[in-house]
There are 4 protein chains.
Amino acid sequence: MNRFRSIIESCDTRWGRLFDLAIQSLIVLSLITFSIETLPNLSEDARRWLRYIEIVTVIIFTLEYLLRLMIADRRLRFAFSFFGIIDLLSILPFYLATGVDLRSIRAFRLLRLFRAFKLVRYSRAIRRFHRALHIAREELVLYALVTLLLLYFSAVGIYYCENEAQPDVFASVFDALWWATCTLTTVGYGDVYPITAGGRVFTFFVLLIGLGIVAVPAGLVASALSKARELED
Amino acid sequence: MNRFRSIIESCDTRWGRLFDLAIQSLIVLSLITFSIETLPNLSEDARRWLRYIEIVTVIIFTLEYLLRLMIADRRLRFAFSFFGIIDLLSILPFYLATGVDLRSIRAFRLLRLFRAFKLVRYSRAIRRFHRALHIAREELVLYALVTLLLLYFSAVGIYYCENEAQPDVFASVFDALWWATCTLTTVGYGDVYPITAGGRVFTFFVLLIGLGIVAVPAGLVASALSKARELED
Amino acid sequence: MNRFRSIIESCDTRWGRLFDLAIQSLIVLSLITFSIETLPNLSEDARRWLRYIEIVTVIIFTLEYLLRLMIADRRLRFAFSFFGIIDLLSILPFYLATGVDLRSIRAFRLLRLFRAFKLVRYSRAIRRFHRALHIAREELVLYALVTLLLLYFSAVGIYYCENEAQPDVFASVFDALWWATCTLTTVGYGDVYPITAGGRVFTFFVLLIGLGIVAVPAGLVASALSKARELED
Amino acid sequence: MNRFRSIIESCDTRWGRLFDLAIQSLIVLSLITFSIETLPNLSEDARRWLRYIEIVTVIIFTLEYLLRLMIADRRLRFAFSFFGIIDLLSILPFYLATGVDLRSIRAFRLLRLFRAFKLVRYSRAIRRFHRALHIAREELVLYALVTLLLLYFSAVGIYYCENEAQPDVFASVFDALWWATCTLTTVGYGDVYPITAGGRVFTFFVLLIGLGIVAVPAGLVASALSKARELED
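Residues numbered from 1 in each chain as written. Chains lettered and ligands numbered in written order. Predicted model: local features only at pLDDT ≥ 70, side-chain atom pairs only at ≥ 80, totals over all residues. Heavy atoms only, no water.

Enquirer: Got a minute to help me understand the interface of chain D and chain A in this structure?
Expert: Accessible area lost on assembly of the parts is the figure often given for the size of an interface. Listed per partner, the contact involves 42 residues of chain D and 39 residues of chain A. Roughly 3,400 Å² of surface becomes buried between chain D and chain A when both sides are summed, with 68% attributable to carbon and sulfur atoms. The residue Asp191(A) makes a salt bridge to Arg200(D) at a minimum N-O spacing of 3.9 Å. Inspection of the region where chain D meets chain A yields four residue pairs in polar contact (both at pLDDT 80 or more). The set of elements that each furnish at least two residues to the side of chain D that touches chain A consists of helix H10 (137-162), helix H11 (173-184), helix H12 (197-214) and helix H13 (216-232) of chain D. For the side of chain D that touches chain A, the class distribution of residues is 27 nonpolar, 10 polar and five charged. (Contact = heavy atoms within 4.5 Å. Buried area = accessible area lost by both parts, 1.4 Å probe. Salt bridge = Lys/Arg side-chain N within 4 Å of Asp/Glu carboxyl O. Polar contact = N/O pair within 3.5 Å; in protein donor to acceptor, adjacent residues only side chain to side chain. Helix = DSSP H or I, 4+ residues; strand = E, 2+ residues; numbered from the N terminus. Nonpolar A, V, L, I, M, F, W, Y, C, P; charged D, E, K, R; others polar.)

Below is the structure:
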């Protein structure tokens, strides 16, 4: 029992590391097979193989879940902990899918993606990232607010500039919000852009101010991360 | 009277916080209803409901404005203060719209957006942002200047490179300025881009230099914000 | 004579500031009129007015140039200094244009833009920027080199990935270089992009590595500017 | 012999610097001629000249390689060192191409590009960059992981949002991954973008979170580089 516990719950021993590595590889494998399954013109043969891999994966994940449940000091507490629920959600849809109508499987498939969250479980490195987020928390919230306000004002402004010239593209403030999102993040797909002189001048000023706002959080996180590293030393 | 004052003007007491929260929620609600109103194919029913919400919102904002005016030590001073004017502008268009020709309402609608500025009023967090802007003020002004010069030179350069090959797209220096804005901010909608070899080589050099200039202000604001946080401690 | 010198050469006295402001405004005015002149469908009337403004501007700049030359301690030295040459180049094309065939004026027009460099002359603030560039000089040169290498390798890679699938778009390594420029600067006009699976995977890796390289110089300049400010204190 | 060694292996003496400069120029020249060769409509004459330059370049590089091999203290060790292999790979394809079927030369051409790596050999400045990468190593690996996870979740999310509306564009999770790459790096070519309301709202949230993640590594490298410079002093 203690042997099991050291293998499954810690990654300090040799077998613990091997177990972790195997589970992580399986998670990645299941993510890849899921992606392949979405390809439109798969042969029947390929579909069958993907199904086999899926079954094996789910069986292993189920065994792992049961082991973790068995080992846990307080079983109910584990079952309702964040990772306990994630673990369950990553296998449950499979069993439900076989019992329920097959067409409804599509909706449940989305849940199967929660399996990927298991990757989070095994990586210790994310802790430092959490600390950095905590340091810059207030500024990030503030910037989220300022960015949202800026997005809203940009959208309303461009709506009044462009609605008459392009009634289909800038049909409402919501379409204008899509434009504001694409523009202020500098993605600029090119599906929505101003064509009037007024709209272009407005875009010019929005970008001049906006870039000094939208691009700042990345710098904040970077400096917070260096601080988190210093605090660790 | 003092009771009222503590509720409306401060957000330290329980009722003050509740009052603030209610007003802020109402502002957000009115921003959302305004956005929905711009949707092109709204049913008569939806329009009527939006109108009802608008009326209730304006009544509450009017009561709030009158309360604030009543409570203020120097009423005239409040009426002509920044927020006094914003408060008034956020309700006035509604009353004017009913008295004036209905078609002219469209122009006044833009003013109704000033209502959003009320959001600024209630958020304390923006103060720190102001301080950061003050620290990096000189550099930001300098960069705004350098950026404007760069935009102008890029525009003139691309105009001479591309005008002959694309006389409709790069029709004048103003069209070229639009290109320069989209390119140096890396938005790149794809509505205007160089096609000649000369124009592409020019773009290459402009971007090589330009990115080292246009992207800097965000870094300046980020470092200024960390300084502002240090000064706060 | 000393009176003149203090007005023209320094901006500490009241008249010196006024003189500077007037010349700067005139430079901006002449830049704007130049831009308006490039508009395709100008009326004869507008053209005539632009011509008048141009003549007055050149006369004032000529007087200013002669005054500066007269005042200078070593006249030849001033005439061949950087700003002496810029000052001359900003007025000379006008006089040459009237003597020479009018159609050749188009080529000389480009030189008229050097007038804008005069803006540089009057702004003290750019000095600090120069210092920052000096601090980060080595890193910036290194990054320019690394960026150029990355651009070249990306271009060759995408050329081999996409040339067969899109022989017109990725016709040569030079076209691929244009793609690399647009992609690594994240401008992404959308005129050139990979369509094959190989090209997309290649782009994915190039961007993953490239963004960590191309976006760094802006951060370097930002930190160098804060250092330059600290050194100033 | 010692004379030779000082010229070829060091760049402290005058002749050593000259030799280095000559080889570097030749490398750049051969990179340019390679690029020109890919142009689709080259005349027979131009092709012949490019061939001549290629032959001369390869002969000089061969002589250089033999000299380096001759001079080396441990010849086998040099031959199998990183730069020894690069040096060989940059000349070998030429000799193989003449012996083998000419059509297969196209595949070998890619290898000829390794020649460019020789540029790396001669630049001392890259060492500092290596140190900076070492400092920020852990954070960069962490960010690469977080970015990959984010790309995957964004891709799956947009696949479920857009697959029904645009079955050709978002045909599978792999196409969605291409969209995620273009969007989160803010390249935004405009070949793939969401059109449904759900897809746009999803994109909005992905960008809000994603930009705070994808843009951070550049800031990390920038701060690591300043640290590397401080450590050097």
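Next comes the rest of the account.
Enquirer: Is there a simple way to think about the packing of aromatic side chains in this case?
Expert: Aromatic ring pairs are defined here through the distance separating the ring centres and the angle between the ring planes. All chains considered together, the criterion is met by 28 aromatic pairs over all chains. Both rings, one in Trp178(A) and one in Tyr189(A), keep their centres 6.0 Å apart while their planes meet at 20°; by these two values the pair is stacked. Placement of the pair is Trp178(A) in helix H11 (residues 173-184) and Tyr189(A) in the loop between H11 and helix H12 (197-214), with a sequence separation of 11 residues. Just as Trp178(A) is buried, Tyr189(A) falls in that class too. Seen from their ring centres, Tyr193(B) and Tyr189(C) are 5.8 Å apart, and the 35° between their planes marks the pair as tilted. Residue Tyr193(B) is located in the loop between helix H11 (173-184) and helix H12 (197-214), and its partner Tyr189(C) is located in the loop between helix H11 (173-184) and helix H12 (197-214); the two belong to separate chains. Residue class for Tyr193(B) comes out partly exposed when judged on its relative accessible area of 23%. Classification of Tyr189(C) as buried rests on a relative accessible area of 2%. Members of the aromatic cluster, each reached through a chain of ring pairs, are Trp178(A), Tyr189(A) and Tyr193(D). (Phe/Tyr/Trp six-rings, centres within 6.5 Å; stacked < 30°, edge-to-face > 60°. Buried < 20%, exposed > 50% of the residue type's maximum accessible area, 1.4 Å probe, protein only.)

Enquirer: In this structure, what is going on with the interface of chain D and chain C? I would like to understand it.
Expert: In this assembly, 38 residues from chain D lie in contact with 40 residues from chain C. Taken together, the connections running from chain D to chain C amount to two salt bridges. Where chain D meets chain C, there are four residue pairs in polar contact (both at pLDDT 80 or more). Counting residues per element, the ones that place at least two in the side of chain D that touches chain C are helix H2 (14-37), helix H7 (105-112), helix H8 (117-122), helix H9 (126-135), H10, H11 and H13 of chain D. With seven residues, H13(D) is the single largest residue contributor to the side of chain D that touches chain C.

Enquirer: Help me understand the pattern of salt bridges in this model?
Expert: When charged atoms on two side chains of opposite charge get close, those side chains can pair. Summed over the entire model, instances satisfying the criterion amount to 16 salt bridges over all chains. For the salt bridge of Asp175(D) with Arg200(C), the shortest nitrogen-to-oxygen distance reads 3.6 Å. You can see Asp175(D) sitting in helix H11 and its partner Arg200(C) sitting in helix H12, one on each of two chains. By sharing partners, the salt bridges in this structure join Asp175(A), Asp191(A) and Arg200(D) into a single network.

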